[in-house]
Amino acid sequence: MSATIHVCLISDAAYARQLLVAMTSILATAGPEEALAFHIVDGGLGQEARRGIARLKRIRSFACHYLEPSEAELT
């Protein structure tokens with residue numbers, strides 16, 4: 001297996017659908033030998049979006065780490 005590909009994304013609930021589309025595209029096009037780790041800066045995704053992200057593991061396995069900065073760090 002090759003080195004892990006780390007992908008950092010940022011989203012809030014308003015862009016959750018676009019986040020899922022981007023993640024789906026990455027999962028579908030990465031080589032089968034490539035491990036993927038997503039680092040998501042959570043600007044207010046909510047539980048529904050997180051459940052959607054978890055369902056993407058049906059496509060293939062990946063690691064997912066959420067970063068939850070304070071509001072002051074986001075401005």
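Parameters at a glance
- Residues numbered from 1 in each chain as written.
- Predicted model: local features only at pLDDT ≥ 70, side-chain atom pairs only at ≥ 80, totals over all residues.
- Heavy atoms only, no water.
- Pairing = 2+ DSSP bridges.
- Helix = DSSP H or I, 4+ residues; strand = E, 2+ residues; numbered from the N terminus.
- Salt bridge = Lys/Arg side-chain N within 4 Å of Asp/Glu carboxyl O.
- Buried < 20%, exposed > 50% of the residue type's maximum accessible area, 1.4 Å probe, protein only.
- Right-handed = clockwise from strand over helix to strand, strands pointing away.
- Contact = heavy atoms within 4.5 Å.
- Axes fitted to C-alpha atoms, helices over the stretch in contact; angles between N-to-C directions.

**Student:** What am I meant to see in the pairing of strand β1 (residues 5–11) here?
**Tutor:** Across a regular strand the side chains alternate sides, sitting on one face of the sheet and then on the other. One ladder, built from 7 bridges, connects β1 with strand β2 (residues 36–42); its direction is parallel. Across the sheet, H6 pairs through a bridge with A37, a residue of β2.

**Student:** Sorry, what's going on with the pattern of salt bridges here?
**Tutor:** Pairing between side chains becomes possible if they bear opposite charge and their charged atoms approach one another. The final tally for this structure, using the stated rule, is 3 salt bridges. For R50, the salt bridge goes to D42, with nearest N and O atoms at 2.8 Å. With a closest N to O distance of 2.4 Å, R50 and E68 form a salt bridge. Placement of R50 in helix α2 (residues 47–55) and of E68 in the loop between β3 (63–67) and α3 (71–74) is noted, with a sequence separation of 18 residues between them. Relative accessible area serves as the criterion here: at 58%, E68 is assigned to the exposed category. Three or more residues joined by partner-sharing salt bridges are found here, namely D42, R50 and E68.

**Student:** Would you mind showing me how to read the pairing of β2 here?
**Tutor:** Burial runs high along β2: 6 of the 7 residues are buried. Following the backbone out of β1, through helix α1 (residues 16–29) and into the adjacent parallel β2, one traces a crossover that is right-handed. With 5 bridges joining them, β2 and β3 adopt parallel strand pairing. Residue F38 lies in a different strand from β3, and its bridge partner there is C64.

**Student:** Could you clarify how one ought to interpret the environment of I26 in this entry?
**Tutor:** Locating I26 in the fold gives a position in helix α1. Sequence spacing of I26 and V7 is 19 residues, and the spatial spacing of their C-alpha atoms is 9.1 Å. Contacts of I26, omitting those with residues within four sequence positions, involve V7, L36 and F38.

**Student:** How should I be thinking about the sheet that holds β1 in this particular structure?
**Tutor:** Remark on secondary structure: sheet strands pair via backbone hydrogen bonds, oriented parallel or antiparallel. Taken in spatial order, the 3 strands of this open sheet run β1-β2-β3, and their pairing is parallel. Looking at which strands have only one partner, the edges of the open sheet turn out to be β1 and β3. Between one strand axis and the next, the sheet turns by 20° as a mean value, whatever way the strands run. Sheet strands in contact with α1 are β1 and β2, and its direction is about 170° off that of β2.

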